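Observations on chain architecture
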Amino acid sequence: MTTFPAGGPLPVLAPSGQLDEDTLAPLEREIEAAVTRHGGLILDASDITFSDSVFLQLVVATHQRARLHIAAPPTAMRRIFSITGADMVLRIHPTLESALAACAQSPPLAEA
């Protein structure tokens, strides 16, 4: 699930399928590892077919303590981000390429 783009400062996690209370544990472990090792990650959300409030809670908590970029969220996820106001604070990008570009241009949290 984790990839490291050439020259990219952060790893890319690309989960797929349904992310809810019953299926979220592996992603939580990968996020924790990425945050511990790299200070953040890019979450490629393009293949997520369903996410619930537990996933939203994980995303917001990760954003609060690490450098998080979300790439290509599906329409339903963008709607949840909008309804909850999370889209006002999260770094959301329409494509993985735009997330990679933005991540490469922004300094790590320690330097901000």
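Our structure is the block above this text.
Now for a look at the structure at hand. (Residues numbered from 1 in each chain as written. Predicted model: local features only at pLDDT ≥ 70, side-chain atom pairs only at ≥ 80, totals over all residues. Heavy atoms only, no water.)

Okay, the environment of T95 next. Assignment of secondary structure puts T95 in the loop between β7 (91-93) and α4 (96-105). C-alpha separation for the pair T95 and I70, spaced 25 residues apart in sequence, amounts to 8.8 Å. Ignoring any residue separated from it by four or fewer positions in sequence, one finds T95 in contact with A71 and A72. (Helix = DSSP H or I, 4+ residues; strand = E, 2+ residues; numbered from the N terminus. Contact = heavy atoms within 4.5 Å.)

With that out of the way, let us pick up helix α2 (residues 53-65). Helical geometry note: an α-helix holds 3.6 residues per turn, so side chains three or four residues apart project in the same direction. For α2, with 13 residues, the first-to-last C-alpha span of 19 Å sits near the 18 Å given by 1.5 Å per residue. Listed as buried for α2 are F55, L56, L58, V59 and T62. Along the long axis of α2, the arc covered by the buried residues comes to 160 degrees, so they all point the same way. Residues of α2 that are exposed and angled more than 90 degrees away from the buried face: S53, Q57 and Q64. Looking at the buried positions of α2, the neighbouring elements they touch are β3 (16-19), α1 (25-38), β4 (40-44), β5 (47-51), β6 (67-71) and α3 (75-84). For α2, the capping residue at the N-terminal end is D52, with a side-chain oxygen 3.0 Å from the backbone nitrogen of V54. (Expected span 1.5 Å × (residues − 1). Buried < 20%, exposed > 50% of the residue type's maximum accessible area, 1.4 Å probe, protein only. Arc of directions from axis to C-beta. Polar contact = N/O pair within 3.5 Å; in protein donor to acceptor, adjacent residues only side chain to side chain.)

By themselves, these are just geometric observations and shouldn't be taken as functional.
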